[in-house]
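Observations on the three-dimensional arrangement
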Amino acid sequence: MNDPDQLAELLYGDYSEADPREALRAMATVPAMKDPRSGALFVTGYDLVRELLTHPGLTSSTLRDPLAGTGLSQEQIALHRPVRDFVSLWPVFSSGDYHQDLRSRIRPALDRANVTALVKELEEDCRSLLHGLRAAGGECDWAAAFCRPYSLALLARLFGTSTARMTELAEATDGLMAYLAKPRSYTDDALAHEANASLDRARAGVREYVLHGGQGELAGILREMAEDPGLGHDVAVAVTAQIVTGTLDPLAAVLTEVVMRGGGPQAGSGGEGRAEFTEEVLRISCPFRFAPRYAVQDMEIAGHRVEAGQRVMLILAAANLDASAFPEPLDWRPGAREGLQLAFGAGSHYCVGAPLARGATDALCRVLSDDGIRVDHDPATFRRAAHMGADRVLGLRVRVR
């Protein structure tokens, strides 16, 4: 693939029916290419993506107003501005001292001891949900009946609140997630209206359910952020929103891949077998598909001239399907891959929640194996969001036996 128009077709295609992994694999055949619509450089080759994830010439913070030069009217800019400004506070879209400060504050709540204890409790939530679905009999929607309540149970334990309250908070962030997941969302005014309403609900929900009512260590850390004059309430809300939205849809994509791949290793394979299975799930599903960066200086990437401030999109999902790093990349080969998958990024932006995501996935595999539970799925019923921006599972009919 060496045609920019073909790249645009792949990036902005409709994937409600087609498998985006075919398109991502095709993208990875060329290390980098400019998008004719946005002017951004899309980097897809495994070696180059891995190198640029830690390159000092790139930053996660935009150096330009993201709404400048979009052709929007002043009224439209005013509509999209609150969401864009709020998202700029998220750790994933920040850099420098601010970014490192937030990560250092959050990290203790996600250390090995805390994650181990949380996953042990989460395993019981997983077991209860699966046994309940098996007892109910009949078909159900995997995303709605298992993935979302399981993810909400994880978040409730993490923040030290009830699942009911976390459900309300998660629903409050749905509009924000829909806005962020759509490429060139600044062109969709209706979506911006929904995102602004979602933002208002999220602020109120975080204040009531986390800052005032949360009992967990992470809730205490967020209260300290809100009370810090250098950070404040909106930063605490932004961090909470990133954790919530960064858990729900991405974890659902991984958990769905687990059952579509047979539910994991059989009993007796041990932790190593589950770990290899999980890494292959993360490689081939890669729920965080894009890692946006911005050039801090003029530079050259794979023969392309990049100016300071220009957007550079590191396509993690394409890198994980690069045949030069993973031969026959769409084949399912747990334990047979030598390369390290990049679903969680690398360097200073490596996902701090990665151990928890792996633990939650491992807990599902362990319960399925230990309890002899089988999840039969109908591939014809699998539905996903139409756009390439993020892997959002919309439905899959299953029968738990």
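What you are looking at is a predicted structure, and each value in this text was computed from that prediction instead of being measured. (Residues numbered from 1 in each chain as written. Predicted model: local features only at pLDDT ≥ 70, side-chain atom pairs only at ≥ 80, totals over all residues. Heavy atoms only, no water.)

Observations concerning unusual backbone geometry
To keep it simple, the criterion reads: Helix numbers and strand numbers start at the N terminus; a helix is a DSSP run of H or I with at least 4 residues, a strand a run of E with at least 2. In this scheme, a residue with accessible area under 20% of its type's maximum is buried, one over 50% is exposed, and one in between is partly exposed, where area comes from a 1.4 Å probe on protein chains only.
If you check the backbone angles, Cys 286 has positive phi at about 40° while not being a glycine. Tracing the chain through its elements places Cys 286 in the loop between α12 (270-285) and β5 (290-295). Of note in the backbone geometry, Ala 302 takes a positive phi value of approximately 50° without being a glycine. In this structure, Ala 302 sits in the loop between β6 (299-301) and β7 (304-306). Look at Ala 302 and you get partly exposed, because its relative accessible area is 46%.

Details of the packing of aromatic side chains
Counted only if it meets this: Here a pair means two rings of Phe, Tyr or Trp (six-membered ring of Trp) with centres within 6.5 Å. Their orientation is stacked below 30 degrees between planes, edge-to-face above 60, and tilted elsewhere.
A full pass over the atoms with the stated rule returns eight aromatic pairs. Considering the side-chain rings of Phe 42 and Phe 290, the 6.1 Å spacing of their centres and the 80° angle between planes classify their relative orientation as edge-to-face. In this pair, Phe 42 sits in strand β2 (residues 41-43) while Phe 290 sits in strand β5, placing the two residues 248 residues apart along the sequence. Centroid distance Phe 344 to Tyr 350: 6.2 Å. Interplanar angle 70°. Geometry classified as edge-to-face.

Regarding the pattern of salt bridges
This is how it is decided: By salt bridge we mean one thing: a side-chain nitrogen of Lys or Arg within 4 Å of a carboxyl oxygen of Asp or Glu.
In the structure shown here, the tally under the stated rule is 29 salt bridges. Asp 362 is the salt-bridge partner of Arg 274, the closest N and O atoms lying 2.8 Å from each other. Of the two residues, Arg 274 is situated in helix α12 and Asp 362 in helix α14 (residues 354-370); the sequence distance between them amounts to 88 residues. Accessibility assignment for this pair places Arg 274 and Asp 362 in one class, buried.

Observations concerning the pairing of strand β8 (residues 311-315)
Put simply, the test is: Pairing between strands is defined by DSSP: at least two bridges between the two strands are required.
Among the five residues of β8, four are classified as buried, and the element is accordingly described as predominantly covered. Both β2 and β8 contribute to a ladder of three bridges, which runs parallel. Bridging across to β8, Val 43 finds its partner in Leu 314. Sheet topology note: the β5/β8 ladder contains five bridges and is antiparallel.

Examining the environment of Val 306
Formally: Residue contacts are defined here by distance: any two heavy atoms, one from each residue, within 4.5 Å place the two residues in contact.
Structurally, the position occupied by Val 306 is in strand β7. Accessibility expressed as a relative area gives 0% for Val 306, which makes it buried. Along the chain, Val 306 and Leu 41 lie 265 residues apart, while their C-alpha atoms are 7.8 Å from each other. Setting aside residues up to four positions removed in sequence, Val 306 forms contacts with Leu 41, Ala 295, Gln 297, Asp 298, Met 299, Ile 301 and Val 312.

Concerning the nonpolar core
Within soluble globular proteins, side chains that are nonpolar tend to cluster in buried spots. What counts here: In this text, buried Ala, Val, Leu, Ile, Met, Phe, Trp, Tyr and Cys residues form a nonpolar core when linked through side-chain atoms within 4.5 Å.
Membership of the largest hydrophobic core comes to 133 residues, with the highest contact counts inside it found for Val 43, Trp 142 and Phe 146. The element best represented in this core is helix α11 (residues 233-260), accounting for 16 residues. Among residues more than four places away in sequence, those in contact with Val 43 are Pro 31, Ala 32, Leu 48, Val 49, Leu 52, Ile 301, Val 312, Met 313, Leu 314 and Ile 315.

Thoughts on the layout of surface pockets
The gaps left among the atoms become clear once a water-sized probe is rolled over them. Formally: Only protein atoms enter the 1 Å grid used here. Points where a 1.4 Å probe fits but cannot escape make up a cavity, open sets with protein on both sides within 12 Å along at least five of seven lines make up a pocket, and a residue lines them when an atom lies within 4 Å of a point. Grid points are joined across faces, edges and corners, and a volume is the space filled by probe spheres set on the points. Throughout this entry, Asp, Glu, Lys and Arg are counted as charged residues, while Ala, Val, Leu, Ile, Met, Phe, Trp, Tyr, Cys and Pro are counted as nonpolar. The remaining residues, Gly among them, count as polar.
Its boundaries defined by the atoms lining it, the second largest pocket holds a volume of some 390 Å³. Forming the boundary of the second largest pocket are 15 residues, of which Val 115, Pro 355, Arg 358, Gly 359 and Asp 362 lie nearest the centre. Elements that contribute at least two residues to the lining of the second largest pocket include exactly α6 (112-136), α12 and α14. Residues that form the lining of the second largest pocket fall into these classes: four nonpolar, four polar and seven charged.

Points about the packing of helix α7 (residues 142-159) against α11
Heads up, the condition is: For helices, the axis comes from a line fit to the C-alpha atoms of the stretch in contact; other axes are also lines fit to C-alpha atoms, and the angle between any two N-to-C directions lies between 0 and 180 degrees. Should an angle lie under 35 degrees it is considered roughly parallel, over 145 roughly antiparallel, and from 65 to 115 roughly perpendicular; all remaining angles are considered oblique. Note on convention: near helix rotated counterclockwise from far helix by under a right angle means a left-handed crossing. Clockwise means right-handed.
Their axes nearest at 9 Å, the elements α7 and α11 cross at an angle of 140°. Taken together, α7 and α11 sit at an angle that is classed as oblique. Crossing of α7 against α11: the hand is right-handed. Along its contact with α7, which presents Trp 142, Phe 146, Cys 147, Arg 148, Tyr 150, Ser 151, Leu 152, Leu 154, Leu 155, Leu 158 and Phe 159, the element α11 presents Thr 240, Ile 243, Val 244, Thr 247, Leu 248, Leu 251, Ala 252, Leu 255, Thr 256 and Val 259. Here the contact of α7 with α11 is composed, by residue class, of 16 nonpolar, four polar and one charged.

Digging into the packing of helix α8 (residues 163-181) against α11
Packed helix pairs are specified by the crossing angle of their axes together with the interaxial distance, meaning the distance between the axes. Closest axis-to-axis distance for the α8/α11 pair is 10 Å, and the angle between their directions is 90°. Accordingly, the angle class assigned to the pair α8 and α11 is roughly perpendicular. Facing α8, whose interface residues are Met 166, Leu 169, Ala 170, Thr 173 and Met 177, α11 presents Thr 240, Val 244, Thr 245, Leu 248 and Asp 249. Classifying every residue of the contact of α8 with α11 gives six nonpolar, three polar and one charged.

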